[in-house]
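# Analysis of the macromolecular model
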Amino acid sequence: MSVQQISLSGRKIEVSNKEMTFLERIYLWTILKGLWTTLKHLFRRKVTIKYPEETRTMSPVYRGQHMLMRDDEGRERCTACGLCALSCPAEAITMKAAERKPEEKHLYREEKYAEIYEINMLRCIFCGLCEEACPKEAIYLTKSKKIVQANYEREDFIYGKDKLVMPLEMAIKNTQSNKVN
Amino acid sequence: MDSVFIIEKSAIIVAVFALTMLMAMYSTWAERKVAAFLQDRVGPNRAGWGGLLQPLADGAKLFTKEEFFPNTPNKFLFILGPFIAMSTALITSAVIPWGDKIHVFGKDVLLQATDIDVSVLYVFGVLSIGVYGIMIGAWASNNKYSLMSAVRASSQMISYEVAMGLAMISILMMSGSLSLKEITVMQANDGWNIFYQPLAFIIFLICSFAETNRTPFDLAECESELIGGYHTEYSSMKMGFYLFAEYANMFISSAILSVVFLGGYHFPGMDWVNANWGINIGAILGFLALFAKICFFIFFYMWVRWTIPRFRYDQLMHLGWKILIPLAVINIIITGIVMVLFK
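Residues numbered from 1 in each chain as written. Chains lettered and ligands numbered in written order. Predicted model: local features only at pLDDT ≥ 70, side-chain atom pairs only at ≥ 80, totals over all residues. Heavy atoms only, no water.

An unreviewed UniProt entry lists chain B under the name NADH-quinone oxidoreductase subunit H, with Flavobacterium urocaniciphilum as the source organism. In its Subunit (unreviewed entry) section, the UniProt record describing chain B reads: "NDH-1 is composed of 14 different subunits. Subunits NuoA, H, J, K, L, M, N constitute the membrane sector of the complex." For chain B, the Catalytic activity (unreviewed entry) comment in UniProt is given as "a quinone + NADH + 5 H(+)(in) = a quinol + NAD(+) + 4 H(+)(out)". (UniProt positions renumbered as here; feature names shortened; annotations may be inferred.)

The name an unreviewed UniProt entry gives chain A is NADH-quinone oxidoreductase subunit I, with Flavobacterium urocaniciphilum as the organism. Check the Subunit (unreviewed entry) section of the UniProt entry for chain A; it says "NDH-1 is composed of 14 different subunits. Subunits NuoA, H, J, K, L, M, N constitute the membrane sector of the complex." Within the UniProt record for chain A, the comment given under Sequence similarities (unreviewed entry) is "Belongs to the complex I 23 kDa subunit family."

Rendered as structure tokens:
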């Protein structure tokens, strides 16, 4: 088998300039064949996903809206080191660190935490470098399984901790499933 | 002329008018639905069940749009364009026989607005006027793309009308009458024309695609070359009238194709139904048969639209003048020879 005949996709079709046969030249027969092809599509399964009612299943590595993680005891993992902000090529992340008070031990894992943590979703390019940079495994783009929603105002795209931190119910569920395992 | 006659005819005219409008409306829905299904999509499904209220939503949208006038010296012609397009599309349906006689209130009522003995000529005449709607509107738009589109549309219509008329002549030779009613009756007695005149049917079908400006002959509105074609400058309901006229034309040409070639309201076993169940039920079934044929042709228009790409302009002219017209002439000669030999 020569190199010219190899078809990696298995769909290679040889192009030729050969004379058309009489059947092809009167064109009607080929039109009928085309009509048959389109008619078959009429009864084929529809690929449309009716969005608000149905949603696509997301790939496990799909990078969507960020999530600030909680650990098994429900404490925020983020320590506001700023590495994510530093690594961000789009400079979308800003944060303000604060020191943990003794009575806040059940809220934050480390002694320092992010008092304000904001991501500008208009700037973010969803590259996932913040996730790679994070030493505390505190930020993930793959966990929320959410797409950042459209909005009317630019200000509404600056997501604070209210939208980013993992919901408590989800943390509780994770902890329970971890215990079972 | 008695008042009963006027009432009877008015009722039929209103019914035909309503039917044409309804079909044109739902053709827009069907067009989108068929297009979607042929492309493995779902199509409009938000307004009403299966998107059935979509035409109403579209109509409301077009009504409430801004009435835009381009900077043109021909404001009157600009308004006249869609008016002509719409009226010619609607008045063609007057001569189509929608069914046989029905017997109501002790009176025989013919399901046809008027049975003039030159209905075929009437249809061709009105079809030819139809191009004026496009031509005048595009001329008055004061836009070069509109004008080019109108030039294409009119030359296309003139070229294909010749072949269409010649294909029709072979049918007229067989029927010996210009009345669509007579042609239907003849087909009911002798069998449908499509079996006797397949070549004329194909020529007529291709020409009706060209006459209604549908793909593959929609050069008058090819978006990639001429923006929107002749209705580029139109907005609001004037635009709506153009689009509506196109779909009404599609409905009417489907009706004419059904009447001339597929036996109109005739269906197999019509005589038996008339004899055993009464002529009223026969007429209603006949109307439904005609309606089904029309729906098939409308579907066929849409089906072809998503199968065959647009012709190039020179190919269009080549097909019209060098292939269809000689074929139609040959068909007339063959018809004549066969008629002489077998009669």
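Let's pick the thread back up.
## A few points about the interface of chain B and chain A
In this complex, chain B contributes 16 residues to the contact, which on the side of chain A involves 17 residues. Here chain B meets chain A over a buried area of about 1500 Å², counting both sides, of which 70% is carbon and sulfur. Our count for the chain B to chain A interface comes out at 1 salt bridge. For Glu53 of chain A, the salt bridge goes to Arg46 of chain B, with nearest N and O atoms at 3.1 Å. For the interface between chain B and chain A, the tally reads 8 residue pairs in polar contact (both at pLDDT 80 or more). Elements that contribute at least two residues to the side of chain B that touches chain A include exactly helix 1 (3–38) and helix 12 (279–305) of chain B. (Contact = heavy atoms within 4.5 Å. Buried area = accessible area lost by both parts, 1.4 Å probe. Salt bridge = Lys/Arg side-chain N within 4 Å of Asp/Glu carboxyl O. Polar contact = N/O pair within 3.5 Å; in protein donor to acceptor, adjacent residues only side chain to side chain. Helix = DSSP H or I, 4+ residues; strand = E, 2+ residues; numbered from the N terminus.)

## Points about the UniProt feature "transmembrane region" (unreviewed entry) in chain B
Residue and element names in this part refer to chain B. The feature "transmembrane region" (unreviewed entry), as given by UniProt, occupies residues 6–26, 76–99, 119–141, 162–180, 192–210, 247–267, 279–303 and 323–342 in the numbering adopted here. Annotated as 96% helix and 0% strand, the span residues 119–141 places its first and last C-alpha atoms 34 Å apart. Secondary structure over residues 279–303 splits into 100% helix and 0% strand, and the C-alpha atoms at its two ends are 35 Å apart.

## A look at the packing of helix 10 (residues 236–261) of chain B against helix 12 of chain B
All names here are of chain B. Interhelical geometry of helix 10 versus helix 12 gives an angle of 120° and a closest axis separation of 8 Å. Judged by the inter-axis angle, helix 10 sits oblique to helix 12. Handedness of the crossing formed by helix 10 with helix 12: right-handed. Residue-level inspection shows Met250, Phe251, Ser253, Ser254, Ala255, Leu257, Ser258 and Val259 of helix 10 in contact with helix 12, the latter providing Leu290, Lys293, Ile294, Phe297, Ile298, Tyr301 and Met302. Its residues assigned to classes, the contact of helix 10 with helix 12 comprises 11 nonpolar, 3 polar and 1 charged. (Axes fitted to C-alpha atoms, helices over the stretch in contact; angles between N-to-C directions. Parallel < 35°, antiparallel > 145°, perpendicular 65-115°, else oblique. Left-handed = near helix turned anticlockwise from the far one by under 90°. Nonpolar A, V, L, I, M, F, W, Y, C, P; charged D, E, K, R; others polar.)

## A short note on the packing of helix 8 (residues 198–211) of chain B against helix 13 (residues 313–341) of chain B
All names here are of chain B. Where helix 8 contacts helix 13, the axes come no closer than 10 Å and their chain directions differ by 150°. Considering their axes alone, helix 8 and helix 13 lie roughly antiparallel with respect to each other. Judged by the twist between their axes, the crossing of helix 8 over helix 13 is left-handed. Residues Leu199, Ala200, Ile203, Ile206 and Cys207 of helix 8 lie in contact with helix 13, whose contacting residues are Leu319, Leu324, Leu327, Ala328 and Asn331. Class assignment for the residues of the contact of helix 8 with helix 13 results in 9 nonpolar, 1 polar and no charged.

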